[in-house]
Amino acid sequence: MSDGLNGSKILIVEDEESLAIGLEYNLTEEGYIIKRAADGRQAMEMFSCEKFDLIILDIMLPFYNGFEVADFIRDKDPQIPILMLTARGRATDRVHGLEAGADDYLTKPFHLEELLLRVRGMLKRKAWYKDITAKRSTATFGGNSIDFHALVAQTPTRSFKLTLQEAMVLRYLVENKGRVVSRKELLENVWKINTEIETRTVDNFIVRLRKYFEPNPSKPVYIKSVRSAGYIFDDEIE
Amino acid sequence: MKMKRKSTIFHPLFIFIISQLAWLSLLGLWIYWFVSNYIIFNQVGNRLAPQMVPKATNIFALVLGVCLLLFLLLGMYLIFSFLNRQRQITQLYDNFIANITHELKSPLASIQLYLETLNTREVPLQRRQEFLNLMLQDANRLQNLINNILQISGLQKKINVYHFSIYNADALISQIIKETEQKFKLSAGKVRITGAANKSIVADVNALKMVFDNLVDNALKYSMNEHPITVHLAAHVQNVVVEIIDRGIGIELNDQKKIFQKFQRVYYSYSPNVKGTGLGLYLAKEIVKYHGGKISVYSRGKNTGTTFRVEFPVYHAKKKGYIQYLLKLTQKNKEAESEEFEDE
């Protein structure tokens with residue numbers, strides 16, 4: 001790898017030993033440094049005393065499940081990318097996982113190449129985000145203001161932390177103000193994935209952003225949908 | 001939140017109570033109306049035409065009315081409990097489908113990962129061997145799961161064909177446990193066999209393998225510690241007793257009956273394992289029952305370990321008729337099979 005991601009530290013949280021060994025082997029071969037946790041408790045302990053660049057997280061885990069672990073991690077570090085890897089493929093699980101703060105979701109069984117691409121995409125996004133926040137780091141619209149550097153959002157009613165992925169989606173929309181941005185474009189430029197994966201992941205993030213910043217999320221005024229085209233950001237309300 | 005409120009209002013128990021209250025109040029109102037009218041009718045009737053007013057109340061109508069009422073109440077209660085049971089089964093079944101999906105997908109994901117790894121990378125020989133072994137383990141797990149499902153489906157339709165023979169319990173159980181150890185690739189000394197049961201029992205080897213595979217697998221899954229699992233054999237006059245004893249997380253008293261029911265799984269926050277289908281112990285119970293034996297569980301609760309006790313009737317000492325029937329059935333099956341073979 002020549003993109004500076006070599007040596008990134010990844011924590012694999014997986015209680016299926018054989019799968020964990022296979023993942024560890026492949027990711028080590030890609031140049032990453034891997035640590036393994038076999039249950040939710042161990043994952044939280046390891047996360048508390050070590051710094052990681054990415055977490056690969058199973059959902060059905062002993063002691064604390066993946067959603068609880070994701071909550072715990074998000075509380076401590078909103079920036080760290082989390083990839084949920086699980087056999088539970090129902091739409092509700094996916095939404096629940098993304099709501100708990102996961103940035104991406106992959107169902108078992110998966111293709112090795114796709115997993116490696118996603119991991120790389122997530123790590124790249126993290127690096128890229130650091131670069132661009134150095135240039136411009138705030139945005140304001142309506143009564144909302146967002147500090148992209150600190151990942152803190154201030155709305156008329158409250159102040160809270162955004163996850164890296166949320167901040168990146170919002171940032172992309174704000175920077176392309178007044179132009180329709182397609183789901184595919186968001187996947188390519190924000191998720192850094194060039195595959196035909198489900199665009200529902202994008203929709204889930206838009207729902208979350210609307211919940212945070214729209215006065216009425218079911219009738220959005222800032223992040224509007226354009227039928228069969230994508231989304232458009234506009235901060236000039238008529 | 002809205003959804004939650006809606007589901008509370010439409011809960012069958014709530015509907016049942018409300019409907020009972022509604023029709024009982026209606027009945028009360030009718031009785032009140034009837035009695036008050038009856039009094040008026042009596043007073044007016046006495047004054048105008050005393051010969052028309054009946055002297056005694058109609059006991060027959062009263063008793064019949066009360067009986068019909070009770071019958072209605074009972075009927076409604078039965079329908080309610082039947083529907084409620086059906087609802088519980090549907091819920092358990094949904095859980096089962098989610099669990100089984102997980103149990104099928106996890107080993108499959110692992111096998112696929114290793115195949116793609118071997119296909120795309122130059123894996124050193126030693127690691128290659130390790131990966132092949134892991135794949136075999138996963139394939140084994142899939143096979144066990146599928147066998148369990150097929151066995152249960154066969155049990156329900158009563159189409160499983162068993163081959164019963166007479167065995168020395170000591171030799172048979174020791175052999176089965178050894179095979180289980182090999183299958184799960186357990187380190188030496190992880191399972192310890194104690195005691196002796198030098199009596200004859202009638203058994204189907206393959207079916208008993210499934211029973212002990214499931215029981216040993218359970219003991220391993222729910223023990224966090226390194227303590228060995230003990231298989232204790234004992235022979236009484238009428239029964240051969242096999243106990244599988246672990247020092248794991250135990251089973252709370254309230255849950256001990258539940259665990260043998262189909263699809264039923266018990267969740268504890270302190271459990272080191274979250275996997276399973278809720279079929280293993282149900283299957284074990286049904287197979288042991290078919291052998292004329294019984295299975296039970298003992299545990300004093302959290303972190304006190306668990307003992308599963310399996311009893312088989314001693315040949316020629318207990319349930320003679322039933323055991324003879326099993327042997328005859330096997331003979332018949334064998335004859336049918338050889339006839340089929342000859343036909344081919």
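Residues numbered from 1 in each chain as written. Chains lettered and ligands numbered in written order. Predicted model: local features only at pLDDT ≥ 70, side-chain atom pairs only at ≥ 80, totals over all residues. Heavy atoms only, no water.

Every contact between the two is made by 31 residues of chain B and, on the other side, 24 residues of chain A. Contact between chain B and chain A buries roughly 2,400 Å² in total, counting both sides, with carbon and sulfur atoms accounting for 58%. Connecting chain B to chain A are 2 salt bridges. For Glu30 of chain A, the salt bridge goes to Arg121 of chain B, with nearest N and O atoms at 3.0 Å. At the junction of chain B with chain A, the criterion picks out 13 residue pairs in polar contact (both at pLDDT 80 or more). Contributing elements (two or more residues each) for the side of chain B that touches chain A: helix 3 (59-120) and helix 4 (125-157) of chain B. Broken down by element, the side of chain B that touches chain A gets its largest block of residues, 13 residues, from helix 3 of chain B. Of the residues that constitute the side of chain B that touches chain A, the class distribution is 12 nonpolar, 10 polar and 9 charged. (Contact = heavy atoms within 4.5 Å. Buried area = accessible area lost by both parts, 1.4 Å probe. Salt bridge = Lys/Arg side-chain N within 4 Å of Asp/Glu carboxyl O. Polar contact = N/O pair within 3.5 Å; in protein donor to acceptor, adjacent residues only side chain to side chain. Helix = DSSP H or I, 4+ residues; strand = E, 2+ residues; numbered from the N terminus. Nonpolar A, V, L, I, M, F, W, Y, C, P; charged D, E, K, R; others polar.)

All names here are of chain B. Ranked by internal contacts, the top residues of the largest apolar core, which has 56 residues, are Leu208, Phe212, Leu215, Val242, Ile244, Phe308 and Phe312. For this core, the leading source of residues is helix 6 (residues 205-221), giving 8 residues. In this structure, this core is formed jointly by two domains, domain 2 (94-157) and domain 3 (165-331), each of which donates at least three residues. The residues touching Ile244, leaving out its near neighbours within four places in the chain, are Phe212, Leu215, Ala219, Ile229, Thr230, Val231, Thr306, Thr307 and Phe308. (Core = buried A, V, L, I, M, F, W, Y, C linked by side-chain atoms within 4.5 Å. Buried < 20%, exposed > 50% of the residue type's maximum accessible area, 1.4 Å probe, protein only. Domains from an automatic or database assignment.)

A few words on the packing of aromatic side chains. Evaluated as defined, the whole model comprises 18 aromatic pairs over all chains. Their ring planes at 50 degrees and their centres at 5.9 Å tell us that Tyr162 of chain B and Phe164 of chain B sit as a pair that is tilted. Of the residues examined, Tyr162 of chain B reaches a relative accessible area of 7% and is grouped as buried. Geometrically, the ring pair formed by Phe260 of chain B and Phe308 of chain B is edge-to-face, given 6.1 Å between the ring centres and 90 degrees between the ring planes. On the criterion of sequence distance, the pair formed by Phe260 of chain B in the loop between strand 5 (239-246) and helix 7 (280-290) and Phe308 of chain B in strand 7 (residues 306-313) is long-range, its members being 48 residues apart. The class of Phe260 of chain B is buried, set by a relative accessible area of 9%. With a relative accessible area of 5%, Phe308 of chain B lands in the buried category. Directly above the aromatic system of Phe148 of chain A lies the positively charged group of Arg171 of chain A, at a separation of 5.0 Å from the ring centroid. (Phe/Tyr/Trp six-rings, centres within 6.5 Å; stacked < 30°, edge-to-face > 60°. Lys NZ or Arg CZ within 6 Å of the ring centre and 35° of its normal.)

Moving on, we get to the pattern of salt bridges. Taken as a whole and judged by the stated rule, the model has 26 salt bridges over all chains. Between Lys108 of chain A and Asp58 of chain A there is a salt bridge whose closest N-O contact spans 3.7 Å. On the criterion of sequence distance, the pair formed by Lys108 of chain A in the loop between strand 5 (104-107) and helix 5 (112-135) and Asp58 of chain A in the loop between strand 3 (54-57) and helix 3 (66-76) is long-range, its members being 50 residues apart. For Arg309 of chain B, the salt bridge goes to Glu243 of chain B, with nearest N and O atoms at 3.6 Å. Of this pair, Arg309 of chain B sits in strand 7 while Glu243 of chain B sits in strand 5; the two residues are 66 residues apart in sequence, bridging distant segments of the chain. We classify Arg309 of chain B as partly exposed; its relative accessible area is 22%. One salt-bridge network, held together by shared partners, links Lys9, Lys35 and Glu50 of chain A.

What follows deals with a nonpolar patch on the surface. Residues and elements named next belong to chain B. Together, Ile31, Trp33, Phe34, Val35, Tyr38, Ile39 and Phe41 make up a nonpolar patch on the protein surface, roughly 730 Å² of accessible area in all. Tracing the chain through its elements places Trp33 in helix 2 (residues 12-48). We classify Trp33 as exposed; its relative accessible area is 57%. (Patch = residues over 30% accessible without salt bridge, like charges linked within 9 Å, V, L, I, M, F, W, Y side chains within 5 Å. Areas by Shrake-Rupley, 256 points an atom, 1.4 Å probe, with all protein chains shown as cover.)

The grouping of Glu335, Glu337, Glu339, Glu340 and Glu342 of chain B at the surface amounts to a negative patch. On the secondary structure map, Glu339 of chain B appears in helix 8 (residues 320-343). (Lys, Arg positive; Asp, Glu negative; His and termini not counted. Charge placed at Lys NZ, Arg CZ, Asp CG, Glu CD.)

Here the focus is the sheet that holds strand 2 (residues 33-37) of chain A. Residue and element names in this part refer to chain A. The parallel open sheet is built from 5 strands, whose spatial order is 2-1-3-4-5. At either end of the open sheet lies a strand with only one pairing partner, and these are strand 2 and strand 5. Going from strand to strand, the sheet's axes swing by 20 degrees on average, the running direction of each strand aside. Two strands pair when backbone bridges link them, and strand 3 and strand 4 (residues 82-86) are joined in this way by 3 bridges, in the parallel orientation. What sits directly across from Ile55, in strand 4, is Ile82. Along the sheet, helix 1 (residues 17-29) contacts strand 1 (9-13), strand 2, strand 3 and strand 4; its crossing angle with strand 2, the most-contacted strand, is approximately 170 degrees. (Pairing = 2+ DSSP bridges. Axes fitted to C-alpha atoms, helices over the stretch in contact; angles between N-to-C directions.)

Our focus in this paragraph is the packing of helix 6 of chain B against helix 7 of chain B. To describe two helices that pack against each other, one gives the angle between their axes and the distance between the axes. All names here are of chain B. Look at helix 6 against helix 7: their axes get within 9 Å of each other, and the N-to-C directions meet at 145 degrees. Crossing of helix 6 over helix 7 shows left-handed handedness. Here Ala207, Met210, Val211, Asn214, Leu215 and Asn218 of helix 6 come into contact with helix 7, specifically with Gly280, Leu281, Leu283, Ala284, Ile287 and Val288. (Left-handed = near helix turned anticlockwise from the far one by under 90°.)

Take the environment of Asp147 of chain A next. All names here are of chain A. Secondary-structure assignment places Asp147 in strand 7 (residues 144-147). With 31 residues separating them in the primary sequence, Asp147 and Gly178 have C-alpha atoms 21 Å apart. In contact with Asp147, other than residues within four places in its own chain, are Ser137, Thr138 and Val152.

Here we come to the pairing of strand 2 of chain A. Residue and element names in this part refer to chain A. In terms of strand pairing, strand 1 meets strand 2 through 5 bridges, oriented parallel. The partner of Ile10 across the bridge, within strand 2, is Ile34. In the classification by handedness, the crossover that spans strand 1, the intervening helix 1 and the parallel strand 2 is right-handed. (Right-handed = clockwise from strand over helix to strand, strands pointing away.)

Further remarks concern helix 7 of chain B. Residue and element names in this part refer to chain B. Most of helix 7 sits inside the fold, with 8 of its 11 residues counted as buried. Looking at the buried residues of helix 7, the elements they touch are helix 4, helix 6, strand 6 (294-298) and strand 7. Directly after helix 7, the chain includes Gly292, whose backbone phi takes a positive value near 85 degrees.

Let's shift gears to the sheet that holds strand 2 (residues 191-195) of chain B. The strands making up a sheet associate through hydrogen bonds between their backbones, and the pairing can be parallel or antiparallel. Residue and element names in this part refer to chain B. With mixed pairing, the 5 strands of this open sheet are ordered in space as 2-4-5-7-6. Of all the strands in the sheet, the pair left with one neighbour each is strand 2 and strand 6. The average undirected angle you get between the axes of adjacent strands in this sheet is 20 degrees. Along the sheet, helix 7 contacts strand 6 and strand 7; its crossing angle with strand 6, the most-contacted strand, is approximately 140 degrees.

Residue and element names in this part refer to chain A. Listed in full, the buried residues belonging to helix 4 (residues 91-99) are Asp93, Arg94, Gly97 and Leu98. Each buried residue of helix 4 sits inside an arc of 130 degrees when the element is viewed along its axis, so together they form one side. Against helix 3, strand 4, strand 5 and helix 8 (200-213) lie the buried residues of helix 4. Phi turns positive, to about 110 degrees, at Gly101, one or two residues after helix 4. (Arc of directions from axis to C-beta.)

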